[in-house]
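Structure at a glance
The lines below spell out each chain.
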Amino acid sequence: MGRIEWAMWANEQALASGLILVTGGIVAVAAQFKGWPFAAYSIAAGVFVCLLEYPRGKRKKGSTMERCGQKYFTAVVKVFGPVTRNYYVRAILHAALAVPAGFLLSTILGMACLGIASAIYLLAAIRGEEWNPIEQKPQERPQVGGGTIKQPPTMPPPRPPVETRKKQPAEVAGQENPVPVAVEAE
């Protein structure tokens, strides 16, 4: 049985929790809830989490589907080096970002989701997983003179003999009815 790659699940959970934090923060700031500065913090934290978590990491086995526009965010995440590659750091960072969001009702769901993502990242770090960028392979172009383009076939495909290809007459080609039919004369 295959081994579960927990970092992939943590990435999806953290990205969703960042969106939930932003949504809850927007609701609280727009409604001017008591303690709305915590909501403004939640918007900033949610945007930061979304930017950090948008690029998917490469899986150890199998293929990884890259998100649309991921290569631009991957370059930014790669700049920070071991700080963003290490899942222990991500687990601590997400746990720290989640705490202030717990002081406001509209951002509690985002806090809980980010806490769960932090726990999953901690599990991934304990199991020895690490974030690696998805490297795009250069596409191979067919060479015109290099022998990669093959000549079309010179012989036609085999066909059945002429006798079997001819259509049978309508009377012979019909099916036989297994139930006897009596034709009544008028």
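What counts, and at which threshold
Residues numbered from 1 in each chain as written. Predicted model: local features only at pLDDT ≥ 70, side-chain atom pairs only at ≥ 80, totals over all residues. Heavy atoms only, no water. UniProt positions renumbered as here; feature names shortened; annotations may be inferred. Helix = DSSP H or I, 4+ residues; strand = E, 2+ residues; numbered from the N terminus. Axes fitted to C-alpha atoms, helices over the stretch in contact; angles between N-to-C directions. Parallel < 35°, antiparallel > 145°, perpendicular 65-115°, else oblique. Left-handed = near helix turned anticlockwise from the far one by under 90°. Contact = heavy atoms within 4.5 Å. Expected span 1.5 Å × (residues − 1). Buried < 20%, exposed > 50% of the residue type's maximum accessible area, 1.4 Å probe, protein only. Arc of directions from axis to C-beta. Polar contact = N/O pair within 3.5 Å; in protein donor to acceptor, adjacent residues only side chain to side chain. Phe/Tyr/Trp six-rings, centres within 6.5 Å; stacked < 30°, edge-to-face > 60°. Lys NZ or Arg CZ within 6 Å of the ring centre and 35° of its normal. Salt bridge = Lys/Arg side-chain N within 4 Å of Asp/Glu carboxyl O.

The UniProt entry lists residues 12–32, 38–55 and 95–124 under the feature "transmembrane region" (unreviewed entry), expressed in the numbering used here. Annotated as residues 95–124, this span is 70% helix and 0% strand, and its ends, taken at the C-alpha atoms, are 15 Å apart.

Their axes nearest at 7 Å, the elements helix H1 (residues 6–31) and helix H2 (residues 36–53) cross at an angle of 150 degrees. Taken together, the axis directions place H1 and H2 in an arrangement best described as roughly antiparallel. Handedness of the H1/H2 crossing: left-handed. Of the residues in H2, those in contact with Asn 11, Ala 14, Leu 15, Gly 18, Leu 19, Leu 21, Val 22, Gly 25, Ile 26, Ala 28 and Val 29 of H1 are Trp 36, Ala 39, Ala 40, Ser 42, Ile 43, Gly 46, Val 47, Val 49, Cys 50 and Glu 53.

Glancing now at H2. Relative to the 26 Å expected for 18 residues at 1.5 Å per residue, H2 spans 25 Å between its end C-alpha atoms, a close match to the ideal helical length. Turning to H2, its buried residues are Ala 39, Ser 42, Ala 45, Gly 46, Val 49, Cys 50, Leu 52 and Glu 53. Summarising the axial view, the buried residues of H2 lie within an arc of 155 degrees, below the 170-degree limit, and thus occupy one face. Packing partners of the buried residues in H2 comprise H1, helix H3 (70–79), helix H4 (82–85), helix H5 (87–98) and helix H6 (108–126).

Right, let's get into H5. With 12 residues, H5 extends 16 Å from end C-alpha to end C-alpha; this agrees with the ideal 16 Å at 1.5 Å per step. Inspection of H5 places Tyr 87, Arg 90, Ala 91, His 94, Leu 97 and Ala 98 among the buried residues, and these make up the whole buried set. Looking straight down H5, one finds its buried side chains confined to an arc of 135 degrees; they lie on one side. Tucked inside the fold, the buried residues of H5 contact H1, H2, H3, H4 and H6. By the N-cap criterion, in which a side-chain oxygen at the helix start approaches the backbone nitrogen of a residue two or three places on, H5 is capped by Asn 86, the distance to Tyr 88 being 2.9 Å.

Attention shifts here to the packing of aromatic side chains. According to the stated counting rule, one finds three aromatic pairs in the structure shown. An angle of 65 degrees between the planes, with centres 5.1 Å apart, marks the rings of Tyr 54 and Phe 73 as edge-to-face. Of this pair, Tyr 54 sits in the loop between H2 and H3 while Phe 73 sits in helix H3, and the two are 19 residues apart along the sequence. By relative accessible area, which is 22% here, Tyr 54 ends up partly exposed. A cation over a ring is seen here: Arg 67 above Tyr 54, with NZ or CZ 5.6 Å from the ring centre.

This part is about the pattern of salt bridges. Summed over the entire model, instances satisfying the criterion amount to three salt bridges. With a closest N to O distance of 3.3 Å, Glu 12 and Arg 56 form a salt bridge. Of this pair, Glu 12 sits in helix H1 while Arg 56 sits in the loop between H2 and H3; the two residues are 44 residues apart in sequence, bridging distant segments of the chain. Judged by its relative accessible area of 24%, Arg 56 is partly exposed. The closest approach of N and O atoms between Glu 12 and Arg 67, which form a salt bridge, is 2.7 Å. On the criterion of sequence distance, the pair formed by Glu 12 in helix H1 and Arg 67 in the loop between H2 and H3 is long-range, its members being 55 residues apart. A relative accessible area of 10% means that Arg 67 is categorised as buried.

As a further point, take the side chain of Glu 53. The topology assignment puts Glu 53 in helix H2. Classification of Glu 53 as buried rests on a relative accessible area of 0%. A distance of 2.4 Å separates the side chain of Glu 53 from the side chain of Tyr 121, its partner in a polar contact.

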